[in-house]
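Overview (structure and organization)
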Number of protein chains: 2
Amino acid sequence: MFLVEGPASVEAALSDPRSRIMELLVSPNLLGREHAAIKQARDAGIDVVEMTRDCFKKVSDTKAPQGLAATVRIPSARPELLRQPEALVVVCCGIADPGNLGTIIRTADAVAATCVVTLPPSADLYNAKVVRSTAASLFHVPCFAMSEEAFLDTAREVPLRLVAAAAHDGEAPSAATWQRPFALAIGSEAHGVPESILSATQTWVTLPLPGRAESLNAAVAAGILLYESVRP
Amino acid sequence: MFLVEGPASVEAALSDPRSRIMELLVSPNLLGREHAAIKQARDAGIDVVEMTRDCFKKVSDTKAPQGLAATVRIPSARPELLRQPEALVVVCCGIADPGNLGTIIRTADAVAATCVVTLPPSADLYNAKVVRSTAASLFHVPCFAMSEEAFLDTAREVPLRLVAAAAHDGEAPSAATWQRPFALAIGSEAHGVPESILSATQTWVTLPLPGRAESLNAAVAAGILLYESVRP
């Protein structure tokens, strides 16, 4: 299970047919008013647990808890999504910073990506900061962890074209082919896309750096490439 | 003054002719080896202060201090940069999250922007987390705060075309004109670009959101638009 906090994310979890909410946690004092999610949860047969302000603050991971949270069962992995004929898969190759991982999931949702796959040593998808940074997108786009071996085996078998963001010597994103299906591999902040993924990659893209910065933030690089891939 | 930590940022501060380093702080135990920056600072007549590991840890804002830091004088604002004929100015309209602000500065550096202007209520440019997130870009691209009034007066006077990222009803970034000079206004996470800036704006751009996310992270949106503006 993992904890989801705040009205927007709880609503997203409630409306996601694949999310299984275990308990809705409510602190009437903190929430201030009745919230539609409470009735919706009761109608769906979900346990609603009322808590004092102090108790809710102990459960919450945020500095200013809003009084509404839910415990949600971690969904199963869906590797079959890698086989969709129009797949746009985002592959996080060791994105260790929870804020970056959450932000990548939010952008993947914005461009209607098929799914987000995390490979080790990425941050845990259900880390509180990841959940918060996704801004509810965790319930819009399927996200799951795979081992590198399982991912590469599936990609080879489908076959699913791999596009990797490389620090040097790749094509300019504006010149690259973004025809689906493909999987976009985003490298870790410290080490980039690992050699094992690069050697299985068909298309290498490199973001131009006309200024003096040596690299971009991983979530920014992912955003630029994902938007390039859906550019008209 | 503000504090700059880690070898890469200290080196960037040392090589920036406009940065005035007050003191170089060194903990030989933490640093482990002699570092070129120490000789460079001594040669430049900068005081080098040696510290014990414990003392350095008290000064440092990071969890794993690397034993090299510098106190740097806050540079003066350079509003004259808004008058450059080929200006690409990034205007942060109340970017409150230090990580987002630092990441926007890093991307502005990557595309060789002319300068980054922060308008209230943006985070302080010299907040430790901003400095860290810029990954040395704070010494590559001039960054300074302005009042909204002073910014709008200057933009009107030059005149400098304002391009604003709006949540709705703007042009698609791929269809917009990115001819310089222009200033790109990035709105706050919570409230977007304020009405006062929007009403002085000539070009509104809206990032398409074909998926289910209601918005993008501010630093990701800035990155996509800045890269669109330098796209061949």
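Residues numbered from 1 in each chain as written. Chains lettered and ligands numbered in written order. Predicted model: local features only at pLDDT ≥ 70, side-chain atom pairs only at ≥ 80, totals over all residues. Heavy atoms only, no water.

Position of Gly102 of chain B among the secondary structure elements: in helix 5 (residues 98-110). Using a relative accessible area of 0% as the deciding quantity, one classes Gly102 of chain B as buried. (Helix = DSSP H or I, 4+ residues; strand = E, 2+ residues; numbered from the N terminus. Buried < 20%, exposed > 50% of the residue type's maximum accessible area, 1.4 Å probe, protein only.)

On to the confidence of the model for chain A. When the pLDDT values of chain A are averaged, the result is 95; 100% of them are 70 or greater. For this predicted complex, the interface score ipTM comes out at 0.93, alongside a pTM of 0.94. (pLDDT = per-residue confidence, 0-100.)

Put simply, the two copies of the chain differ by a rotation about an axis and a shift along that axis. Take chain B, turn it by 180°, move it 0.0 Å along the axis, and it overlays chain A with an RMSD of 0.0 Å. The operation mapping one copy onto its partner corresponds to a two-fold rotation axis. Looking at the interface residues of chain B, 100% of them are also at the interface in chain A, so both copies use one shared face. (Least-squares fit on C-alpha atoms with pLDDT ≥ 70 in both. Contact = heavy atoms within 4.5 Å.)

Turning our attention to the sheet that holds strand 4 (residues 68-73) of chain B. Residues and elements named next belong to chain B. Strand order in the open sheet formed by four strands is 1-4-2-3, and the pairing between neighbours is mixed. On the outer flanks of this sheet lie strand 1 (2-5) and strand 3 (47-50), each paired with one strand and no other. With direction set aside, neighbouring strand axes in the sheet form an average angle of 25°. (Pairing = 2+ DSSP bridges. Axes fitted to C-alpha atoms, helices over the stretch in contact; angles between N-to-C directions.)

Glancing now at the interface of chain B and chain A. Listed per partner, the contact involves 29 residues of chain B and 29 residues of chain A. In this structure, the connection of chain B to chain A is made through two salt bridges. With its nearest N and O atoms 2.6 Å apart, the salt bridge here joins Glu228 of chain A to Arg231 of chain B. At the boundary of chain B and chain A, one finds 14 residue pairs in polar contact (both at pLDDT 80 or more). (Salt bridge = Lys/Arg side-chain N within 4 Å of Asp/Glu carboxyl O. Polar contact = N/O pair within 3.5 Å; in protein donor to acceptor, adjacent residues only side chain to side chain.)

Turning to the packing of helix 9 (residues 218-229) of chain A against helix 9 (residues 218-229) of chain B, a few remarks are in order. Here helix 9 of chain A crosses helix 9 of chain B at 55°, and the two axes come no closer than 8 Å. Considered as vectors, helix 9 of chain A and helix 9 of chain B are oriented oblique to each other. Crossing geometry of helix 9 of chain A relative to helix 9 of chain B is assigned as right-handed. Side by side, helix 9 of chain A and helix 9 of chain B meet where Ala219, Val220, Gly223, Ile224 and Tyr227 of chain A of the first sit next to Ala219, Val220, Gly223, Ile224 and Tyr227 of chain B of the second. The residue makeup of the contact of helix 9 of chain A with helix 9 of chain B, split by class, is eight nonpolar, two polar and no charged. (Parallel < 35°, antiparallel > 145°, perpendicular 65-115°, else oblique. Left-handed = near helix turned anticlockwise from the far one by under 90°. Nonpolar A, V, L, I, M, F, W, Y, C, P; charged D, E, K, R; others polar.)

To continue, consider the side chain of Ser9 of chain A. Counting through the fold element by element, Ser9 of chain A comes out in helix 1 (residues 7-15). The contact partners of Ser9 of chain A, leaving out residues within four places of it in the chain, are Val4, Ala136 and Phe139 of chain A.

This brings us to the pattern of salt bridges. All names here are of chain B. Applying the stated criterion across every chain, the model contains 12 salt bridges over all chains. One salt bridge connects Lys39 with Asp43, and the closest N-O pair in it is separated by 2.7 Å. Of this pair, Lys39 and Asp43 both sit in helix 3 (residues 36-43), four residues apart, which is roughly one turn of that helix. A relative accessible area of 54% means that Lys39 is categorised as exposed. One salt bridge connects Asp61 with Arg132, and the closest N-O pair in it is separated by 3.0 Å. Highlighted residues: Asp61 in the loop between helix 4 (53-59) and strand 4 and Arg132 in helix 6 (residues 128-133), separated in sequence by 71 residues. Judged by its relative accessible area of 43%, Asp61 falls in the partly exposed class. For Arg132, a relative accessible area of 42% corresponds to the partly exposed category.

This brings us to helix 3 of chain B. All names here are of chain B. Every buried residue belonging to helix 3 is among Ala37, Ile38 and Ala41, and all of these are buried. On an axial view of helix 3, the arc spanned by its buried residues comes to 105°, and they lie on one face. Exposed residues on helix 3 whose side chains face more than 90 degrees from its buried face are Ala36, Lys39 and Asp43. In the core, the buried residues of helix 3 are packed alongside helix 1 (7-15), strand 2 (20-26), helix 2 (28-31), strand 3 and strand 4. In the stretch just after helix 3, Gly45 is the one whose phi turns positive, near 80°. (Arc of directions from axis to C-beta.)

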